[in-house]
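Chain by chain, the residues run as shown.
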Amino acid sequence: MNFGPLPSVDAAAVPAEGFVLDVREDDEWAAGHVEGALHIPMSDFVSRFGELTEAVEDGRRVHVVCRVGGRSAQVTQYLVRQGIDAVNVDGGMQAWQGAGRAMVTETGADAFVL
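Residues numbered from 1 in each chain as written. Predicted model: local features only at pLDDT ≥ 70, side-chain atom pairs only at ≥ 80, totals over all residues. Heavy atoms only, no water.

Peer 1: Outline the packing of aromatic side chains, listing residues and values.
Peer 2: Summed over all chains, the structure comprises 3 aromatic pairs. Summarising the aromatic geometry, the rings of Phe45 and Phe49 are spaced 5.9 Å apart at their centres and angled 70° between planes, so their arrangement reads as edge-to-face. By relative accessible area, Phe45 is classed as buried at 3%. Both rings, one in Phe49 and one in Tyr78, keep their centres 5.6 Å apart while their planes meet at 85°; by these two values the pair is edge-to-face. With a gap of 29 residues between them, Phe49 in helix α2 (residues 49–55) and Tyr78 in helix α3 (residues 70–81) connect regions that are remote in the sequence. With a relative accessible area of 24%, Tyr78 lands in the partly exposed category. Grouping aromatic residues by their ring pairs yields a cluster made of Phe45, Phe49 and Tyr78. (Phe/Tyr/Trp six-rings, centres within 6.5 Å; stacked < 30°, edge-to-face > 60°. Buried < 20%, exposed > 50% of the residue type's maximum accessible area, 1.4 Å probe, protein only. Helix = DSSP H or I, 4+ residues; strand = E, 2+ residues; numbered from the N terminus.)

Quick look at the structure:
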């Protein structure tokens, strides 16, 4: 079954108030992430899927991000199959940082992409 091309968006085009789902692992998240993003590592995604459906309002677009876009592409495909409006952030957090978008850490240390 072909679902067509993967919906994607440039990091610079993600709205400031957009809902971001970060599927990187804990160490990558700790190094730097989008403020307000929901963090569910891809390795835990299926078992924690309910956290996403509770957090996202009906009809709200989910911007899925990982380091460079591979893991987030897989999660985006899964979400689209579940009927969720999801888009892959092209280039992941590397593109996010490259576009000059803000990142934060839980500790207040300088954020970076691991």
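Peer 1: Quick one: what's the story with the pattern of salt bridges, residue by residue and with numbers?
Peer 2: For the structure on display, the rule yields 5 salt bridges. For the salt bridge of Glu28 with Arg71, the shortest nitrogen-to-oxygen distance reads 2.9 Å. Highlighted residues: Glu28 in helix α1 (residues 26–31) and Arg71 in helix α3, separated in sequence by 43 residues. On the basis of relative accessibility, which here comes to 24%, the residue Arg71 falls in the partly exposed class. With its nearest N and O atoms 3.1 Å apart, the salt bridge here joins Arg61 to Asp85. With a gap of 24 residues between them, Arg61 in the loop between α2 and β4 (62–65) and Asp85 in the loop between α3 and β5 (86–90) connect regions that are remote in the sequence. The class of Arg61 is partly exposed, set by a relative accessible area of 40%. Of the residues examined, Asp85 reaches a relative accessible area of 32% and is grouped as partly exposed. One salt-bridge network, in which partners are shared between bridges, spans Asp44, Arg48 and Glu51. (Salt bridge = Lys/Arg side-chain N within 4 Å of Asp/Glu carboxyl O.)

Peer 1: Describe the UniProt feature "domain: Rhodanese" (unreviewed entry) in the chain, and please don't skip the residues or the numbers.
Peer 2: The feature "domain: Rhodanese" (unreviewed entry), as annotated in UniProt, sits at residues 14–105 in this numbering. Along residues 14–105, the helical share is 35% and the strand share 16%, with 20 Å between the first and last C-alpha atoms. (UniProt positions renumbered as here; feature names shortened; annotations may be inferred.)

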